[in-house]
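The residues making up each chain are set out below.
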Amino acid sequence: MFKGLPQTVYELSGKNPYLCIQCGVCSGSCPMIKDMDIPPHQVIRMIQLDMQEVLNCKTIWICASCNTCSVRCPRDVDPARMINVLRILVQRRNIYPVDLRRVKGLLDLPQIALISASRKLTG
Ligand code: SF4
Ligand code: SF4
């Protein structure tokens, strides 16, 4: 149907990135926007343009998966799901933002924080 990153994201998310009209509602609704290097609507645009460098952005790890953007998106693009797909693609390259095996004092950390981090930041 598509090619490159748009096709991969479509296959893994079940959502069509080309439905995005760049209205910016997702970015305007995002509670984590101040900590992101690329706002969610631009992440979707980079997917549309098959820009692989989107896989290097901080945003995909800053996203809290709160789903606010997806609930409010007028085009049912589901940015939260697409960002999660981008995380999966990075993890498939075996590059992990956090390698829990190298965290010192691992057993002293709150267990819920470890579970949350391992689900989000490791493969
Ligand atoms: S809210 Fe939906 S349509 Fe609007 S910019 Fe975000 S992803 Fe695109
Ligand atoms: S799911 Fe992620 S990108 Fe979407 S509003 Fe929540 S923190 Fe922002």
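Coordinates for the structure precede this section.
Keep in mind that what you see is a predicted model, and the values were worked out from it rather than measured.

Asks: I'd love a proper account of the site of ligand 1, names of residues and values included.
Replies: Taken together, 13 residues sit near ligand 1, with Cys-20, Cys-23, Gly-24, Cys-26 and Cys-73 positioned nearest. Here the shell around ligand 1 is built from residues that sort into nine nonpolar, three polar and one charged.

Asks: Got a sec to walk through the packing of aromatic side chains? Specific residues and values, please.
Replies: Aromatic rings considered in pairs are described by the distance between their centres and by the relative angle of their planes. Scanning the model with the defined rule gives two aromatic pairs in all. Relative to Tyr-10, the ring of Phe-2 lies with its centre 5.4 Å away and its plane at 70°, an arrangement referred to as edge-to-face. Look at Tyr-10 and you get partly exposed, because its relative accessible area is 27%. Members of the aromatic cluster, connected to one another through ring pairs, are Phe-2, Tyr-10 and Tyr-18.

Asks: Break down the site of ligand 2 for me, with residues and values.
Replies: Neighbouring ligand 2 are 14 residues; Cys-30, Cys-63, Cys-66, Asn-67 and Cys-69 lie closest to it. Elements supplying a minimum of two residues to the shell around ligand 2: helix H5 (68-72) and helix H6 (79-92). A class-by-class count of the residues in the shell around ligand 2 yields eleven nonpolar, three polar and no charged.

Asks: Run through unusual backbone geometry, naming residues and quoting values.
Replies: In terms of backbone geometry, most residues other than glycine have negative phi values and most peptide bonds are trans. For Asp-76, which is not glycine, the phi dihedral falls at a positive 55°. The exposure class assigned to Asp-76 is partly exposed, which follows from its relative accessible area of 48%. Its identity is not glycine, yet Asp-78 carries a phi of approximately 65°, on the positive side.

Reading the values: rules and limits
- Residues numbered from 1 in each chain as written.
- Chains lettered and ligands numbered in written order.
- Predicted model: local features only at pLDDT ≥ 70, side-chain atom pairs only at ≥ 80, totals over all residues.
- Heavy atoms only, no water.
- Near = heavy atom within 4 Å.
- Nonpolar A, V, L, I, M, F, W, Y, C, P; charged D, E, K, R; others polar.
- Phe/Tyr/Trp six-rings, centres within 6.5 Å; stacked < 30°, edge-to-face > 60°.
- Buried < 20%, exposed > 50% of the residue type's maximum accessible area, 1.4 Å probe, protein only.
- Helix = DSSP H or I, 4+ residues; strand = E, 2+ residues; numbered from the N terminus.

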